[in-house]
Structure formats: structure tokens, C-alpha cells
There are 2 protein chains.
Amino acid sequence: MIRYKAIISYDGTLFAGFQRQPSMRSVQGELEKTLQRLNSGEQVQVHGAGRTDSGVHAYGQVIHFDLPQDRDLEKLRFAFDTQTPDDIDVVSVEKVSSDFHARYNKHLKTYEFLVDNGRPKNPMMRHYATPFPYELDIEKMAEAIKDLVGEHDFTGFTASGTSVVNKVRTITRAEVSYDEKSHLITFTFTGTGFLYKQVRNMVGTLLKIGNNRMPVSQIKTVLETKDRQLAGPTASGQGLYLREISYHDEMTKGD
Amino acid sequence: MIRYKAIISYDGTLFAGFQRQPSMRSVQGELEKTLQRLNSGEQVQVHGAGRTDSGVHAYGQVIHFDLPQDRDLEKLRFAFDTQTPDDIDVVSVEKVSSDFHARYNKHLKTYEFLVDNGRPKNPMMRHYATPFPYELDIEKMAEAIKDLVGEHDFTGFTASGTSVVNKVRTITRAEVSYDEKSHLITFTFTGTGFLYKQVRNMVGTLLKIGNNRMPVSQIKTVLETKDRQLAGPTASGQGLYLREISYHDEMTKGD
């Protein structure tokens, strides 16, 4: 068997999420259906690096899968890309060693969250950004977001009732930018891993801060108290993008 | 009766076009339904500046309509905006003199056409740009597009069988730009008016030139010969945007 790694982009609007679910349309399900066709009808299991929720988009989801033959990579990418539905694209395919695992190999993930601050909202962006047609102080959010960088226990920013025990994660980069022309605000987070709904809860809190309904110090307060009640509401999934995943071995390659 | 002018934006994906049509979902039909509700159930006729086709988007469509009362403009805009479906937005509403007509008052229209030159295409842009995953020489297109500027008979760039007799129009601005990050190519055309499918046929020809399958001089040839057979294919509607309309009286106001 030969192991392949692929970078996948998809529009999450019409999927119940990445993960395969009975009688629901999922990204994993569509990818596996396509690979089975490309593999003479034999089942192929797809492993994804991150399980994105319903409505969440990806530019750089990473998957791996095994095929019995050594394939021409561009031909495989092209067939895989053109045979998946219109809302999934296969950006690249490469061969990797048989111990590579998209989820378990050390990596950094980058998520982006888009907010449409226009009034009215841009109708073309209604599935691709969360509308927030209220006042937002970008400076305040830029100040507050810095408090997320570093190693922290993110209990206060995750959904209650998650089964994950260790809630300590490291964020290496957290930024907010504003594009005047499109009225789009982009939050960018890079880290070793993110808890369930963590990005959406961090964004919900930052929006409350930007709208002057929480103090700039609120991020620190939530990290210290680990109290979900003190964080802002969960921002909706449609603004969230899995932007990029870089694996540890790739990161050191360039050094 | 008081006449109102409004700027409307919409995502054309799920509309059969701007113009009202029996048993089809149209922008005009949705706007008239909403205004009727805001007008105590009395019918209101909407006049649009341009009849965009199915799948064509708008950021700056202009409409006018009459209402019996003098309304608070922001309240009217807000009610109109929130009561239209999610894929239509009301950007602004103002009062105008009773002889203003969105279509017949002199104006300049700006259309944009987006091409996704990425390979693979961006799945998030599949309804918002026409995919063209082949080589494109931007320099050649930038040279050829200049030949469209000025007063010309655009017979060679319109659909055959149109009932319009005078096919002379003036283009005041024609430009192409490329954004490296998104792989998006934007064609921008401003003019006194455009014939049916003119923008899409001009873009189809420019793409053939950029792909080295027609000479840079082809635009000139089509204008001179007025031969539709010599132009490129009609580009699909999903990349086309009615960007802006500026009326003659507004244009001179700033002088």
C-alpha cells in the first residue's frame, strides 16, 4: 500500500460537516465515494486532520489515504478533483511515508474567521462571513486578541460537556485585520490545536469587546477563571475557514 | 405620490434574473412583494435600471418606485432590507423628483466580470466567478481591452436576433486586473449602455486572446467586421456583476 497526503478545499455550506455520518452529506463521505471509484470499487478510508462542523469551510484541510498502486500524482489529483462534487476541490496530492497520519503527526493549524461589518451585509458573502452590522472598534479587538497568544488552558472558550480532558493548547499567532473596501474583518489564529467551538467562542468574545459590551481585559478574565459564562456567544459556523495546516517535519525542512 | 430611488445588491444565483416572470423567482418580483407589504397591501411597481440575466449579481442595481406617503428614509430602508429575502439587500433609499426614471435618465453603468484562474478553482467562488484554469497572458488582455474604449458599433459582441436597432454604444473605461493571492481576474467596463450579452461576449473574446488562441488585434477585427462569428464564446453569467450606476445629474453635481 502507498500512502497519499492531499490538500482539500471545500465550501461547507451544503455539508453536515467533515466527518462521515449515516444519511448525511459529509466531506469525508464524498471523498471516500470518489476514491472508491478511482480504486476499482474497493473501499478507501480517508483520515482528515480536522473535523470541521456544518457550514465551516476549508482552503487547506489535509487528509491521508492508502491506495495499492503507485499513481502518477498529477493524474490522480486531476481525477480526484474532477470526480468530487463541485463544492470540493483537490488542491494537491503527494506521496508520504506509511507512518504519516494527517491527524496525529505534529502540526500547526491556521483558522480564519470572516465577519461582514457592512450595513447592509454583502449578499454574496452570506454563506461565507458572519454578518455583524454594528459598531466595532478594531483597535480594542487588536489589543484584546494578543492575550490569546501563548500556552493557556482554554476551558472557558470551549463547549461545556466535551470529553477532552486536557484543555491546554498553544496559540502562536492571533491577529485581526479590517478591509475598508469590503467591510470584512478577518480574525486569524494559528495554534497546536483547537478545542471544540474554541475559535467561534473566541471570536464571539472579541466581537463583544469590539462592540464595547465587554472590557478589553475580558479575554484574560475568561482564561484565568475558565468560566464559559464570562465569554461571549458562539459565533456562527459560516464565517469559519480551516485555512492551512503545516506539519512539524515540513516546518523544519525550510530551516 | 412620492418617488423613491434605491440601490439594491443581490446574489443572482437563485434568481431567474432581475425581471418579473410568471412562476419564476425574480429580483423584481421579490422587491414588489416586499413593497406591497410595506404599502398596506397595495401593489407597487418597481422599475430597474438594468435587466440582469439569471445568475448575474449586483452590488449597485438602481430601482425607483412610488409610495403615497413621505417616509422616514432610514426606517424605510431598514424595513425594505430586512423584509426582502436573504439574497437581496437594500443599500440605500432616497427621495427623488417625480420625473426621475432609473432606466431612462442618462447614466453610466459599470459592470465587473470575475474569472477564477486558480487550478483547481476556489470552491467558495463557484457561483461568483467563472473558472478558467488555463494559461492567461494578462498583458495581452490589457492591451486588447483598450480597443473597446470609445464609441463603437458593438454588433459583433451582441447576441444575434436582438430587436435593438441602434448598436452604437460608448465605453468610457475598460480595464483588467489580476490579484495574485486569490488568482482572480477582474474585468471592469463602464459605459453608456450595454447590449444583450455584450459584456459576456467581450470577456469570452478577451479570454481567447489571453489564452493565445486569438490575436491581440481580434477586438478591433470584431468591431470593424461586426461579425459575431469572429468573437469568442459567451462567458457564463455567474462571473458578472452590475457594480455601479451613476446618473448624469449626480455626475455633474460634483463638478
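What you are looking at is a predicted structure, and each value in this text was computed from that prediction instead of being measured.

The rules behind each value
- Residues numbered from 1 in each chain as written.
- Chains lettered and ligands numbered in written order.
- Predicted model: local features only at pLDDT ≥ 70, side-chain atom pairs only at ≥ 80, totals over all residues.
- Heavy atoms only, no water.
- Helix = DSSP H or I, 4+ residues; strand = E, 2+ residues; numbered from the N terminus.
- Polar contact = N/O pair within 3.5 Å; in protein donor to acceptor, adjacent residues only side chain to side chain.
- Salt bridge = Lys/Arg side-chain N within 4 Å of Asp/Glu carboxyl O.
- Buried < 20%, exposed > 50% of the residue type's maximum accessible area, 1.4 Å probe, protein only.
- Arc of directions from axis to C-beta.
- Contact = heavy atoms within 4.5 Å.
- Buried area = accessible area lost by both parts, 1.4 Å probe.
- Domains from an automatic or database assignment.
- Nonpolar A, V, L, I, M, F, W, Y, C, P; charged D, E, K, R; others polar.
- Axes fitted to C-alpha atoms, helices over the stretch in contact; angles between N-to-C directions.
- Parallel < 35°, antiparallel > 145°, perpendicular 65-115°, else oblique.
- Left-handed = near helix turned anticlockwise from the far one by under 90°.
- Pairing = 2+ DSSP bridges.
- Least-squares fit on C-alpha atoms with pLDDT ≥ 70 in both.

## Quick notes on the side chain of B:His64
Point 1. For B:His64, the position within the fold is in strand 3 (residues 57–67).
Point 2. Within the structure, the side chain of B:His64 is placed 2.9 Å from the backbone nitrogen of B:Ala102, a separation counted as a polar contact.

## Notes on the pattern of salt bridges
Any two side chains of opposite charge can pair, on the condition that their charged atoms come close.
Residues and elements named next belong to chain A.
Point 1. Under the counting rule described, the total for this entry stands at 31 salt bridges over all chains.
Point 2. The partner of Asp-66 in a salt bridge is Arg-3, with the nearest N and O atoms 2.8 Å apart. Here Asp-66 is found in strand 3 (residues 57–67), whereas its partner Arg-3 is found in strand 1 (residues 2–10), with 63 residues between them in sequence.
Point 3. For Asp-66, a relative accessible area of 25% corresponds to the partly exposed category.

## Considerations on helix 2 (residues 73–83) of chain B
All names here are of chain B.
Point 1. Among all positions in helix 2, only Leu-76, Arg-77, Phe-80 and Asp-81 are buried. Down the axis, helix 2 shows its buried residues gathered within 125° of arc, on one side only.
Point 2. Residues of helix 2 that are buried in the fold lie against strand 1 (2–10), helix 1 (27–38), strand 3 and strand 4 (88–96).
Point 3. Here helix 2 starts with a cap whose side-chain oxygen sits 3.3 Å from the backbone nitrogen of Glu-74, and that cap is Asp-72.

## Topic: the interface of chain B and chain A
Point 1. Taken together, the contacts link 23 residues of chain B with 23 residues of chain A.
Point 2. When chain B packs against chain A, close to 1,900 Å² is buried across both sides, 56% of that on carbon and sulfur atoms.
Point 3. A per-residue breakdown of the area chain B buries against chain A is headed by B:Pro120, B:Met124 and B:Arg126, which together make up 33% of the total.
Point 4. Our count for the contact surface shared by chain B and chain A stands at 7 salt bridges.
Point 5. Of the charged contacts in the structure, one is a salt bridge between B:Lys121 and A:Asp86, with a shortest N-O distance of 3.7 Å.

## Some remarks on the domain arrangement of chain A
Residues and elements named next belong to chain A.
Point 1. Segmentation of chain A into domains returns domain 1 (2–96) and domain 2 (107–249).
Point 2. On a C-alpha basis, the centres of domain 1 and domain 2 stand 27 Å from each other.
Point 3. If you look at the interface, domain 1 gives 15 residues, while domain 2 gives 15 residues.
Point 4. The largest per-residue losses of area from domain 1 upon contact with domain 2 belong to Asp-53, His-57 and Tyr-59, which jointly make up 40% of the total buried on that side.
Point 5. Across the domain 1-domain 2 interface, the total number found is 1 salt bridge.
Point 6. The salt bridge involving Arg-200 is made with Asp-53; its shortest N-O contact spans 3.3 Å.
Point 7. Our enumeration of links across domain 1 and domain 2 arrives at 10 residue pairs in polar contact (both at pLDDT 80 or more).
Point 8. In terms of residue count, strand 3 provides more of the side of domain 1 that touches domain 2 than any other element does, 6 residues in total.
Point 9. Taken together, the residues of the side of domain 1 that touches domain 2 break down into 5 nonpolar, 7 polar and 3 charged.

## Quick look at the packing of helix 3 (residues 138–145) of chain A against helix 4 (residues 198–210) of chain A
All names here are of chain A.
Point 1. Contact geometry for helix 3 and helix 4: axes closest at 8 Å, N-to-C directions at 135°. With respect to helix 4, the element helix 3 is oriented oblique. The handedness of the crossing between helix 3 and helix 4 comes out as right-handed. Counting all contacts with helix 3, which are made through Lys-140, Met-141, Ala-144 and Ile-145, the residues of helix 4 involved are Leu-206, Leu-207, Ile-209 and Gly-210.
Point 2. For the contact of helix 3 with helix 4, the residue count by class is 6 nonpolar, 1 polar and 1 charged.

## Focus: the pairing of strand 9 (residues 184–191) of chain A
On a regular strand, each side chain points to the face opposite its neighbour's, so the side chains alternate between the two faces of the sheet.
Residues and elements named next belong to chain A.
Point 1. With 8 of 8 residues buried, strand 9 is to be regarded as a mostly interior element.
Point 2. By the alternation rule, side chains of strand 9 split into Leu-184, Thr-186, Thr-188 and Thr-190 and Ile-185, Phe-187, Phe-189 and Gly-191, which are all buried.
Point 3. Summarising the sheet, strand 5 (residues 107–116) and strand 9 pair through 8 bridges and their orientation is antiparallel. Bridged to Glu-112 within strand 9 is Thr-188.
Point 4. Strand direction decides the pairing type here: strand 8 (residues 168–179) and strand 9, joined by 8 bridges, are antiparallel.

## Here's the deal with the environment of A:Val165
Residue and element names in this part refer to chain A.
Point 1. By the element assignment, Val-165 lies in the loop between strand 7 (150–153) and strand 8.
Point 2. Look at Val-165 and you get exposed, because its relative accessible area is 77%.
Point 3. Sequence separation of Val-165 and Thr-155 is 10 residues, and the distance between their C-alpha atoms is 9.8 Å.

## Some points on the relation of the copies chain B and chain A
Point 1. Note on the identical chains: chain B maps onto chain A by a rotation of 180° and an axial translation of 0.0 Å, with an RMSD of 0.0 Å. Accordingly, the operation relating the two chain copies is best matched by a two-fold axis.
Point 2. A symmetric contact is evident, with 100% of the interface residues of chain B recurring at the interface of chain A.

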